[in-house]
Amino acid sequence: MGMGRAGSYYPGAERLISPLLHLLVLCTLSSLTHIGESQVQTPQCRIQKCTTDFVSLTSHLNPSLDGFDIEFCKALRAYSACTQRTSKSCRGNLVFHSAMLGISDLMSQRNCSKDGPTSSTHPVIPIEPCNYHSRHHQASRPGTGTGAPEHLRPTYLFCGLFGDPHLRTFKDHFQTCKVEGAWPLIDNNYLSVQVTNVPVVYGSSATATNKITIIFKPYQECTDQKVYQAVTDDLPAAFVDGTISGGDSETRSIWILEKSPGRHVEIHAAYIGVTIIIRQQGHYLTLAVRMPEELAMAFDETQDLQLCMNGCPTSERIDQEGHLQLPVLGLQQASFQQQARVEAQRGLFTLESASRKCREQLEVKDIYFHSCVFDLLTTGDANFTTAAYNALKDMETLHPKREHWHIFPNSATGLRPFSLLLNALLTGLLITVLL
């Protein structure tokens with residue numbers, strides 16, 4: 001049977017699985033042997049590099065496509081030549097001898113001749129113009145066919161919004177804000193994100209997000225303008241025009257992935273390297289965004305009001321220079337009837353019970369934990385616990401720097417101990433009066 005089109009059956013493809021798995025295992029074994037400096041692996045034996053180069057040369061090949069045999073045989077001959085060059089220093093190495101047997105088996109299966117052209121160690125990978133990652137990570141340097149060096153690869157930024165609301169900016173600053181009404185999170189030449197926040201409880205300045213509007217701006221031939229809008233109890237799996245993706249029929253430049261109907265949606269805009277996660281927890285929405293720094297910085301002076309870029313205006317901050325005051329202190333000027341109504345809305349969370357509730361899902365006492373405690377004492381709504389947990393997990397998924405994941409409160413940025421104590425005392429007194 002002749003070579004088929006993409007997606008058609010290719011005879012012998014299934015026979016490829018076992019030898020390839022065998023060689024992948026060899027790659028792992030050679031790595032472990034190298035790390036452990038075993039007696040059968042000397043520093044001069046380069047079987048590990050030979051095997052990893054072969055895996056790199058063949059990992060993108062598809063047995064169902066025309067030309068597979070030619071390219072696979074080239075890679076095998078390059079693998080064989082590499083093992084020959086290191087044969088003297090690999091005598092007695094079990095991984096080396098297993099690799100030699102694996103090469104012979106594969107060459108026999110694919111009817112590869114021992115003589116012929118070999119693959120380059122650094123194959124040129126076609127660049128996809130509507131894929132930001134492809135343009136920047138796989139773009140070939142002239143004459144080499146290798147990817148861009150690490151220092152030239154783009155830097156990604158993260159921004160998140162959740163709870164009452166708590167904002168984590170592109171600069172990893174953590175703020176708690178009022179920002180009632182419509183506010184721009186992101187506004188640059190490629191992307192606009194706007195949120196609408198509403199008060200969560202009487203007597204508190206805290207708000208939460210009930211509407212998110214995202215505009216993906218037109219970009220070359222990759223996509224027309226796409227608009228996504230979510231509101232409480234309506235988290236669609238499509239753009240406002242009814243489509244779920246953009247781009248040509250073969251390569252999607254932007255698409256929506258519904259992870260949990262009505263609860264969790266992801267938008268992937270490959271053409272600008274952006275990933276956005278939107279969730280609904282309880283009555284409110286949360287948002288997490290990852291975006292390349294060079295695109296996030298593409299804006300002019302008329303677009304400087306961006307919460308993700310510059311944080312909340314000072315007049316909109318609930319925290320005071322990092323100090324997160326707990327909510328009950330704001331009730332001192334309220335009447336007894338107002339206090340009773342607020343307390344009824346909040347439920348009966350005390351500092352101790354709110355902390356215990358938050359610890360059920362947030363094991364580390366970082367700023368997400370303290371935000372959870374603040375939200376429970378503000379609203380009495382246990383859904384904010386899961387909102388904080390999901391915000392943490394989305395941050396871990398999208399934030400590019402693991403060492404910056406957790407922000408821990410300290411004497412300058414944490415919750416004030418006196419405020420905590422006073423909150424507990426006032427809450428207990430108010431409950432006693434109500435009873």
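Every value quoted in this text rests on a predicted model; they were computed, and no experiment measured them.

Draft legend 1. Quick look at the sheet that holds strand β7 (residues 226-231). Strand order in this open sheet of 4 strands is β4-β5-β6-β7, and the pairing throughout is antiparallel. Edge positions in the sheet fall to β4 (181-187) and β7, since each of these pairs with one other strand and no more. Strand-to-strand twist across the sheet, computed as the mean angle between neighbouring axes with direction ignored, equals 20 degrees. Here β4 pairs with strand β5 (residues 191-199) via 6 bridges, running antiparallel.

Draft legend 2. Looking closely at the state of the cysteines. The final tally for this structure, using the stated rule, is 7 disulfides. For cysteine 177, the disulfide goes to cysteine 312, at an S-S distance of 2.1 Å. On the S-S bond that ties cysteine 177 to cysteine 312, the torsion sits near 100 degrees, and the link is right-handed. Residue cysteine 177 is found in the loop between β3 (174-176) and β4, and its partner cysteine 312 is found in the loop between α7 (307-310) and α8 (336-346); the two are separated by 135 residues along the sequence.

Draft legend 3. Representation of the side chain of threonine 58. Position of threonine 58 relative to the elements: it lies in helix α2 (residues 47-58). The class for threonine 58 is buried, based on a relative accessible area of 11%. Side-chain polar atoms of threonine 58 contact the backbone oxygen of phenylalanine 54, separated by 2.9 Å. In contact with threonine 58, other than residues within four places in its own chain, are Phe72 and Ala75.

Draft legend 4. Local environment of the side chain of threonine 286. Structurally, threonine 286 can be placed in strand β12 (residues 284-292). Given the relative accessible area of 6%, threonine 286 is considered buried. Contact partners of threonine 286, with chain neighbours within four places excluded, come to Leu161, Phe162, Ile212, Ile277, Ile278, Arg279 and Ala387.

Draft legend 5. Quick peek at the packing of α2 against helix α3 (residues 68-85). Their axes nearest at 9 Å, the elements α2 and α3 cross at an angle of 170 degrees. Viewed along their axes, α2 and α3 adopt a mutual orientation that is roughly antiparallel. Counting all contacts with α2, which are made through Ile47, Cys50, Thr51, Phe54, Leu57 and Thr58, the residues of α3 involved are Phe72, Ala75, Leu76, Tyr79, Cys82 and Thr83.

Draft legend 6. Expanded view of the confidence of the model for the chain. When pLDDT is averaged along the chain, the result is 78, and 71% of the positions lie at 70 or above. Predicted confidence for residues 328-342 stays below pLDDT 50, and this span has 21 contacts to residues more than four positions away or in other chains.

Draft legend 7. Spatial organisation of the sheet that holds strand β8 (residues 245-247). Spatial ordering of the open sheet is given by β3-β2-β1-β12-β11-β10-β9-β8, a layout of 8 strands whose pairing is antiparallel. The strands lining the two open edges of the sheet, one partner per strand, are β3 and β8. Between one strand axis and the next, the sheet turns by 10 degrees as a mean value, whatever way the strands run. Relative to β12, strand β11 (residues 274-281) runs antiparallel, the two sharing 7 bridges. Pairing of isoleucine 277 across the sheet is with alanine 288, part of β12.

Draft legend 8. Representation of helix α4 (residues 94-109). The terminal C-alpha atoms of α4 lie 23 Å apart, and with 16 residues this matches the ideal 22 Å at 1.5 Å per residue to within 8%. Turning to α4, its buried residues are Val95, Phe96, Ala99, Gly102, Ile103, Leu106 and Met107. The buried residues of α4 occupy an angular sector of 130 degrees when projected down its axis, which confines them to one face. Facing away from the buried side of α4 by over 90 degrees, the exposed positions are Leu94, Leu101 and Ser108. Where α4 starts, the residue carrying a side-chain oxygen 2.9 Å from the main-chain nitrogen of valine 95 turns out to be asparagine 93. After α4 finishes, the residue asparagine 111 shows a positive phi value of roughly 55 degrees.

Draft legend 9. Representation of the nonpolar core. Ranked by internal contacts, the top residues of the largest apolar core, which has 45 residues, are Leu185, Ile214, Phe216, Tyr228, Ile267 and Ile276. For tyrosine 228, the residues in contact, after removing those within four places along its chain, are Ile212, Thr213, Ile214, Leu235, Pro236, Ala238, Phe239, Ile256, Val265, Ile267 and Ile278. Grouped together as the second largest cluster of nonpolar side chains are 31 residues, Phe158, Leu351, Ala391 and Leu392 included.

Draft legend 10. Inspection of helix α10 (residues 367-379) at higher detail. Look at α10: 18 Å from first C-alpha to last across 13 residues, which is about the 18 Å you get at 1.5 Å a residue. The backbone nitrogen of tyrosine 368 lies 3.1 Å from a side-chain oxygen of the residue at the head of α10, namely aspartate 366. Just beyond α10, the residue with positive phi is glycine 380, at close to 75 degrees.

Draft legend 11. Region of the structure containing the pairing of strand β1 (residues 156-162). Burial within β1 is extensive, with 7 of its 7 residues counted as buried. The alternating pattern of β1 places Tyr156, Phe158, Gly160 and Phe162 on one face and Leu157, Cys159 and Leu161 on the opposite face, and all of these are buried. Here β1 runs beside β12; their pairing, made up of 6 bridges, is antiparallel. Bridging from a neighbouring strand, phenylalanine 158 pairs with arginine 290 of β12. The turn joining β1 and strand β2 (residues 166-168), which pair antiparallel and follow one another in sequence, is formed by 3 residues; a positive phi near 70 degrees is taken by glycine 163.

Parameters and conventions
- Residues numbered from 1 in each chain as written.
- Predicted model: local features only at pLDDT ≥ 70, side-chain atom pairs only at ≥ 80, totals over all residues.
- Heavy atoms only, no water.
- Pairing = 2+ DSSP bridges.
- Helix = DSSP H or I, 4+ residues; strand = E, 2+ residues; numbered from the N terminus.
- Axes fitted to C-alpha atoms, helices over the stretch in contact; angles between N-to-C directions.
- Disulfide = S-S within 2.5 Å.
- Buried < 20%, exposed > 50% of the residue type's maximum accessible area, 1.4 Å probe, protein only.
- Polar contact = N/O pair within 3.5 Å; in protein donor to acceptor, adjacent residues only side chain to side chain.
- Contact = heavy atoms within 4.5 Å.
- Parallel < 35°, antiparallel > 145°, perpendicular 65-115°, else oblique.
- pLDDT = per-residue confidence, 0-100.
- Expected span 1.5 Å × (residues − 1).
- Arc of directions from axis to C-beta.
- Core = buried A, V, L, I, M, F, W, Y, C linked by side-chain atoms within 4.5 Å.

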